[in-house]
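Listed below, chain by chain, are the residues.
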Amino acid sequence: MSKTKGTNNMQTILNFFFGLFAITATITHIWTVIIAVSESGVIGWILTAFLPVLSELYWMFKMFGRMDAYAYITLAHLILGALFLPVSHTHLRPPATVLDLVCRLLLEKKK
């Protein structure tokens, strides 16, 4: 397998997982908005709309013991979200994320 083909396959896999993550993160955020509105009314909705990560952290901790499925799914999305955050290193390309860095290092290791 050529280097270019391997890189393209890895990028395709990363794009798939990022797309899947984006869809499930959106669903989780909608779930957070529903919880915020039902628990805190309009103020909860406004805060959740403008501070999504902080509100998801808040509701995740508040829902442990009451709605564990939501709490664990939100926790997983917050952890996985960190993998898709852009990282800043001088040797990385501008849109590089932690996952891009790991894949690039694994591909270089195969050489």
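The text that follows walks through the structure, step by step, so that each part is easy to find. (Residues numbered from 1 in each chain as written. Predicted model: local features only at pLDDT ≥ 70, side-chain atom pairs only at ≥ 80, totals over all residues. Heavy atoms only, no water.)

**Quick word on the nonpolar core**
Core analysis: the biggest nonpolar cluster contains five residues, these being I35, A36, W59, M63 and Y70. Of all the secondary structure elements, the ones that give two or more residues to this core are helix 1 (3-50) and helix 2 (52-63). Among residues more than four places away in sequence, those in contact with M63 are I35, E39, D68, Y70 and A71. (Core = buried A, V, L, I, M, F, W, Y, C linked by side-chain atoms within 4.5 Å. Buried < 20%, exposed > 50% of the residue type's maximum accessible area, 1.4 Å probe, protein only. Helix = DSSP H or I, 4+ residues; strand = E, 2+ residues; numbered from the N terminus. Contact = heavy atoms within 4.5 Å.)

**Some words on a nonpolar patch on the surface**
Residues V37, V42, I43, W45, I46, L47, F50, L51, V53, L54, L57 and F61 make up a contiguous nonpolar surface patch of about 1200 Å² in total accessible area. The biggest single contributor to the nonpolar patch is helix 1, with seven residues. Looking at the secondary structure, you find L54 in helix 2. According to the relative accessible area criterion, L54 is exposed, its value standing at 54%. (Patch = residues over 30% accessible without salt bridge, like charges linked within 9 Å, V, L, I, M, F, W, Y side chains within 5 Å. Areas by Shrake-Rupley, 256 points an atom, 1.4 Å probe, with all protein chains shown as cover. Salt bridge = Lys/Arg side-chain N within 4 Å of Asp/Glu carboxyl O.)

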